[in-house]
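Chain and residue survey
Given next are the chains, with one letter for each unit.
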Amino acid sequence: MQTNFNQQQLTLPAIASSEVELRACLQCDYCTPNCPTYKLLGDEYDSSRGRVYLIKELLESEGKPLQKTVDYIDRCLSCLACMSTCPSSVHYQHLLDHARESIELRHQRKPLDRLSRWLLAKLLPYPNRFRLAMQTAKILKPAASMLPNPIRGMVEYTPDRLPPPSPNDEPQVFPAKGERKRRVALLTGCAQRALNTDINDATIRILCRHGCEVVVAQGAGCCGAVTHHMGKSKESLMAAAKNIRAWMSEIDGDGLDAIVINTSGCGTVIKDYGYMFRNHSLASQAETIAGLAKDVTELLSEMELDYRVKPGLRISYHATCSLQFGQRVRFTPRRLLKTAGFTVLEPRDSHTCCGAAGTYNLLQPEISTRLKENKLKALEAGSPSAVAAGNIGCMMHLMSSSRIPVVHTVELLDWVTGGPIPSSLNDIQSEAG
Ligand code: SF4
Ligand code: SF4
């Protein structure tokens, strides 16, 4: 696609990188049939091709962004399905990140939208604050219908049961059982620590049982994804820099073979640290960290797992967008579940987003709900006992309307290799035999 940046704009590294991507776009439309918002809304500008064109106009202009451009960019799920069919390898993820950063700097949002985004950025990345906010939201739940959206959505989404903080999420070292074969750092995350502590517990157990020493590094926390996707790049880089420093000090100490991530949304961002820090003093360390980052299923697939339980359950696998498109980890989780003895159902439209998409379900509730309803119909077809997924955001989103339990893939793998059955599957334990 032709671009019209002036020479001064092209001296800016971010514009120079985006120009390369924009010029690579053939406007061929191969990406559009995969775009969930286009399929739902039928508007050309709600497709990936349309958005690439809008991003070009947004970045070329130096004035205030048009409201319609902001709306179309806000409606993008960041699912990255469009990247999977692009013949020209346009890095839409980087273009979108740049557009969101530019909107954040140049656009004044309406007060309620600003407040909601500020709240999300100040609460979600901090487990203690987030836990406190959810406890308050639980009290407000009966009056939720009187609150304005998206605050109302935030309150309604609060689960009825919240786990207490887990001591396992604090900085420490979990020794390998038996001979130490690997030393790995685990990202215990932020929102996940407040919403579901079972996932990190299961990850630590299965890794330790299979010869990993697991480190929860001092100083590591939110990966930066929450603020990154809202275009708040300063906050996001600050959070990411803390992780880079924390994990580098482990590398410089006893060394690390991998950085393990069990929230695929975070994994996609951490694997992109090299690009995010390309013009920063931490560039080479960021590259090192990105190179060591692995989804937990990638790491488990390198190991010989010791199966102890024959589960015999039918599981519907939800391929999260961040895992299948953001990280291109498509078949590994399914393969692990099948090898473990689960019957894995392949739901239709497995490439279509469930609508969770980070904070999208709170900021764009209508589209998100329609996508969730479609996704649950597909996942629940074939009468599975449970849905398995690899990202807490998608799990919570689906769980809010699912008729069957939604569990993390690693909880199932931990169970069949000697850990406890996931608590939500207790009722069907007898079926498991
Ligand atoms: S498939 Fe790629 S090249 Fe074609 S319109 Fe979409 S982004 Fe552009
Ligand atoms: S990221 Fe997803 S929603 Fe956004 S343009 Fe690409 S396919 Fe469409």
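Before any of the text, the structure's been laid out above.
Throughout what follows, the structure given in this document is the object of discussion. (Residues numbered from 1 in each chain as written. Chains lettered and ligands numbered in written order. Predicted model: local features only at pLDDT ≥ 70, side-chain atom pairs only at ≥ 80, totals over all residues. Heavy atoms only, no water.)

1. Re the site of ligand 1
Convention followed: One heavy atom within 4 Å of a molecule or strand is enough for the residue carrying it to be called near that molecule or strand. Only protein atoms enter the 1 Å grid, on which a cavity is a set of points fitting a 1.4 Å probe that cannot get out and a pocket is an open set with protein on both sides within 12 Å along at least 5 of 7 lines, lining residues being those with an atom within 4 Å of a point. Throughout, a molecule is located in a cavity or pocket provided that more than half of its atoms lie within 2 Å of its grid points. Polarity classes work like this: nonpolar for Ala, Val, Leu, Ile, Met, Phe, Trp, Tyr, Cys and Pro, charged for Asp, Glu, Lys and Arg, and polar for all others, with Gly in that last group.
Surveying the vicinity of ligand 1 reveals the residues C25, L26, Q27, C28, D29, Y30, C31, R49, C86, P87 and S88. Given that more than half its atoms are within 2 Å of the pocket grid, ligand 1 belongs to the largest cavity. Here the shell around ligand 1 is composed, by residue class, of seven nonpolar, two polar and two charged.

2. Comments concerning the sheet that holds strand β9 (residues 406–408)
Note the following rule: Note: two strands are recorded as paired if DSSP finds a minimum of 2 bridges between them. Helix and strand assignments follow DSSP, with helices taken as H or I runs no shorter than four residues and strands as E runs no shorter than two, numbered in order from the N terminus. Orientation is described by axes fitted as lines to C-alpha atoms, over the contacting stretch for helices, and by angles from 0 to 180 degrees between their N-to-C directions.
Spatially, four strands are ordered β7-β6-β8-β9 in an open sheet, and the strand pairing comes out parallel. What marks the edges here is a single partner per strand, and that holds for β7 (343–345) and β9. Recorded for the sheet is a direction-independent mean angle of 40° between the axes of neighbouring strands. Of the strand pairs in this sheet, strand β6 (residues 314–317) and strand β8 (residues 386–389) are connected by three bridges, and their pairing is parallel. Residue pairing across strands places Y317 opposite A388, the latter belonging to β8.

3. Quick look at helix α16 (residues 283–292)
Put simply, the test is: Each residue's exposure class comes from its accessible area (1.4 Å probe, protein chains only) as a fraction of the maximum for that residue type: buried when under 20%, exposed when over 50%, partly exposed otherwise. Taken from the helix axis, the directions to the C-beta atoms give the arc we talk about. Between two residues, a contact is recorded if the distance between any of their heavy atoms is within 4.5 Å.
When we look at burial in α16, the residues that qualify are A286, I289, A290 and L292. For α16, the angular spread of buried residues about the axis comes to 165°, placing them on one side. The exposed residues of α16 that point more than 90 degrees off its buried face are S284, E287 and G291. Among the structural elements, α13 (233–252), β4 (258–261), α14 (264–270), α15 (273–276) and β5 (293–295) are those in contact with the buried residues of α16.

4. Side note on helix α7 (residues 111–123)
A turn of α-helix holds 3.6 residues, and therefore any two residues three or four places apart point the same way. Just so we agree on the cut-off: Expected span, for any helix, means 1.5 Å times one less than how many residues it has.
Here α7 is 13 residues long and its end C-alpha atoms lie 18 Å apart, about the 18 Å a rise of 1.5 Å per residue gives. Listing the buried residues of α7 in full gives S116, R117, L120 and A121. With its buried residues spanning 130° around the axis, α7 presents them on a single face. Buried residues in α7 make contact with α5 (67–74), α9 (151–157), α12 (225–228) and α20 (360–363).

5. Topic: the pairing of β4
Covered by surrounding structure in β4 are A258 and V260 together with I259 and I261, the residues of both alternating faces. Examined bridge by bridge, strand β2 (residues 182–186) and β4 share three bridges and lie parallel to one another. Across the sheet, the residue bridging to A185 is I259, located in β4. As paired strands, β4 and β5 are joined by three bridges and run parallel to one another. Counterpart to I259 in the pairing with β5 is A293.

6. Brief notes about the layout of surface pockets
Any empty space left between atoms is shown by rolling a water-sized probe over those atoms. Selection rule: Grid points are joined across faces, edges and corners, and a volume is the space filled by probe spheres set on the points.
Reported here for the second largest pocket is a volume of approximately 770 Å³. Lining the second largest pocket are 25 residues; nearest its centre among them are P159, R161, M396, M399 and S424. If you list the elements that add at least two residues to the lining of the second largest pocket, you get α9, α22 (392–399) and β9. The dominant element in the lining of the second largest pocket, judged by the number of residues it contributes, is α22, at three residues. Residue classes in the lining of the second largest pocket are distributed as 12 nonpolar, seven polar and six charged.

7. Quick word on the pattern of salt bridges
Heads up, the condition is: Salt-bridge detection follows one rule: a side-chain nitrogen of Lys or Arg within 4 Å of a carboxyl oxygen of Asp or Glu.
Within the structure shown, the criterion is met by 27 salt bridges. Here E104 ties to K232 by a salt bridge, and the two come within 2.9 Å at their closest N and O atoms. Here E104 is found in helix α6 (residues 92–106), whereas its partner K232 is found in the loop between α12 and α13, with 128 residues between them in sequence. Across the pair E346 and R334 runs a salt bridge, and its minimum N-O distance is 2.9 Å. Of this pair, E346 sits in the loop between β7 and α20 while R334 sits in helix α19 (residues 332–339), placing them 12 residues apart in sequence. We classify E346 as partly exposed; its relative accessible area is 46%. Connected through shared salt-bridge partners, D74, R109, D113 and R117 make up one network.

8. What to know about the packing of helix α4 (residues 48–60) against α6
To describe two helices that pack against each other, one gives the angle between their axes and the distance between the axes. Condition: Angles below 35 degrees are treated as roughly parallel, those above 145 as roughly antiparallel, those between 65 and 115 as roughly perpendicular, and all remaining angles as oblique. The crossing is said to be left-handed when, going from far helix to near helix, the turn is anticlockwise and less than a right angle, and right-handed when the turn is clockwise.
The contact between α4 and α6 brings their axes to 10 Å, and the two run at 45°. In terms of their interaxial angle, α4 and α6 are classed as oblique. Considering how the two elements wind past one another, α4 and α6 form a crossing that is left-handed. Here α4 contributes S48, R51, V52, I55, L58 and L59 to the contact with α6, which in turn contributes Y92, L95, L96, H98, A99, S102, I103 and R106. Its residues assigned to classes, the contact of α4 with α6 shows nine nonpolar, three polar and two charged.

9. A closer look at unusual backbone geometry
Positive phi, normally seen in glycine, also occurs at S89, with a value near 50°. Tracing the sequence through the fold places S89 in the loop between α5 and α6. For S89, a relative accessible area of 60% puts it in the exposed group.

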